[in-house]
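Each chain is listed here by its residues.
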Amino acid sequence: EAGVVQSPRYKIIEKKQPVAFWCNPISGHNTLYWYRQNLGQGPELLIRYENEEAVDDSQLPKDRFSAERLKGVDSTLKIQPAELGDSAVYLCASSSRGQGASPPGELFFGEGSRLTVL
Amino acid sequence: RKEVEQDPGPFNVPEGATVAFNCTYSNSASQSFFWYRQDCRKEPKLLMSVYSSGNEDGRFTAQLNRASQYISLLIRDSKLSDSATYLCVVNKNTGGFKTIFGAGTRLFVKA
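Reading guide: rules and limits
- Residues numbered from 1 in each chain as written.
- Chains lettered and ligands numbered in written order.
- Predicted model: local features only at pLDDT ≥ 70, side-chain atom pairs only at ≥ 80, totals over all residues.
- Heavy atoms only, no water.
- Pairing = 2+ DSSP bridges.
- Helix = DSSP H or I, 4+ residues; strand = E, 2+ residues; numbered from the N terminus.
- Axes fitted to C-alpha atoms, helices over the stretch in contact; angles between N-to-C directions.
- Phe/Tyr/Trp six-rings, centres within 6.5 Å; stacked < 30°, edge-to-face > 60°.
- Buried < 20%, exposed > 50% of the residue type's maximum accessible area, 1.4 Å probe, protein only.
- Disulfide = S-S within 2.5 Å.
- Salt bridge = Lys/Arg side-chain N within 4 Å of Asp/Glu carboxyl O.

All names here are of chain B. The antiparallel open sheet is built from 5 strands, whose spatial order is S1-S3-S8-S7-S6. Only two strands of the sheet have a single neighbouring strand rather than two, namely strand S1 (4–6) and strand S6 (55–57). For this sheet the average axis-to-axis angle between neighbouring strands, irrespective of direction, equals 20 degrees. With 3 bridges connecting them, S1 and strand S3 (residues 19–25) associate as antiparallel partners. Looking at the pairing, Gln6 lines up with Cys23 of S3.

Shown next, in the form of structure tokens:
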């Protein structure tokens, strides 16, 4: 079974440029997460989807970040314009639980997209 | 104060040693607990869930103390391959579940 697939693996851009990351979760996983991980820190949640609905985007910097999961399967995270402080690894994860009153079980992560903003 | 706190380490131990990691969480609404392992420049992967009764998986033992809001991970007979960052993870339910990761504890096992 294929795992969570992310692209690109690496991206180097200059500040003020836009960037987009794509994620395809494990088939059948209705809950999808975008996390950001800075060096030496744990992953921090940006947004969580249940199917196509964003149920927790409280940590998403909405002035420059946007995300979508139009058909409830794959998802895109966009940053426009990027700032130096956005340099990090952007991790996508999915789980088969975590909908409504059901607590999340295991999160399966993709390999991440490493962003460097110059 | 962070919601999930861990000693960042690094812990440097020889092969065969026993090492313990601690984690504290601040929100009493926390309901389920996990340890994830993250190798250098790789993604986090589930190591084990943590149950109130304590649970063991081979050389790894996890404990939960809800009264003290404290989670631990014990690794016995450390192997070189155990070198990684260990992330404490808490699910809390505050009108919807939120999965929160600690900053991780780095372990280096030396020959």
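We are not done yet, so read on.
Tallied over the entire structure, the rule returns 12 aromatic pairs over all chains. Here the aromatic rings of Phe21 of chain A and Tyr90 of chain A are separated by 5.1 Å at their centres, their planes lie at 15 degrees, and the arrangement is stacked. Of this pair, Phe21 of chain A sits in strand S3 (residues 19–24) while Tyr90 of chain A sits in strand S9 (residues 88–95); the two residues are 69 residues apart in sequence, bridging distant segments of the chain. Tyr90 of chain A matches Phe21 of chain A in its accessibility class, with the two residues each being buried. Taken together, Tyr33, Tyr35 and Phe109 of chain A together with Phe34, Tyr36 and Phe101 of chain B form an aromatic cluster joined through their ring pairs.

Moving on, we get to the state of the cysteines. Applying the stated rule across the entire model yields 2 disulfides over all chains. At a sulfur-sulfur separation of 1.9 Å, the disulfide partner of Cys23 of chain A is Cys92 of chain A. Linking Cys23 of chain A and Cys92 of chain A, the disulfide has an S-S dihedral of approximately -70 degrees and is accordingly described as left-handed. Of this pair, Cys23 of chain A sits in strand S3 while Cys92 of chain A sits in strand S9, placing them 69 residues apart in sequence. The exposure classification of Cys23 of chain A matches that of Cys92 of chain A, with both residues buried. The partner cysteine of Cys23 of chain B in its disulfide is Cys88 of chain B, sulfur to sulfur 2.0 Å. Residues Cys23 of chain B and Cys88 of chain B are joined through a disulfide that is left-handed, its torsion about the S-S bond being -75 degrees. Linking Cys23 of chain B in strand S3 with Cys88 of chain B in strand S9 (residues 84–93), this pair joins segments that are 65 residues apart in sequence.

Walk down a regular strand and you will see the side chains alternate between the two sheet faces. Residue and element names in this part refer to chain B. Where burial is concerned, most of strand S10 (residues 97–101) is hidden: 5 out of the 5 residues are buried. Neither face of S10 is exposed, since Phe97, Thr99 and Phe101 on one face and Lys98 and Ile100 on the opposite face are all buried. As paired elements, S9 and S10 share 5 bridges and run antiparallel to each other. Residue pairing for S10: Val90 is matched across the bridge by Ile100. Between the end of S9 and the start of S10, which pair antiparallel, lie 3 residues, with Gly95 showing a positive phi angle near 75 degrees.

Before going further, it helps to spend a moment on the pattern of salt bridges. Taken as a whole and judged by the stated rule, the model has 11 salt bridges over all chains. The closest approach of N and O atoms between Glu56 of chain B and Arg76 of chain B, which form a salt bridge, is 3.5 Å. Placement of Glu56 of chain B in strand S6 and of Arg76 of chain B in the loop between strand S8 (70–75) and S9 is noted, with a sequence separation of 20 residues between them. For Glu56 of chain B, a relative accessible area of 57% translates into the label exposed. When its relative accessible area of 27% is taken as the criterion, Arg76 of chain B is described as partly exposed. One network of salt bridges, in which partners are shared, links Arg64, Glu83 and Asp86 of chain A.

Turning our eyes to something else, we now look at the sheet that holds strand S8 (residues 75–79) of chain A. Residue and element names in this part refer to chain A. With antiparallel pairing, 4 strands are arranged side by side in an open sheet as S1-S3-S8-S7. Only two strands of the sheet have a single neighbouring strand rather than two, namely strand S1 (5–7) and strand S7 (65–68). When strand polarity is set aside, the average angle formed by the axes of neighbouring strands in this sheet is 15 degrees. As defined by bridge partners, S3 adjoins S8 across 5 bridges and the pair is classed as antiparallel. Bridging across to S8, Trp22 finds its partner in Thr76.

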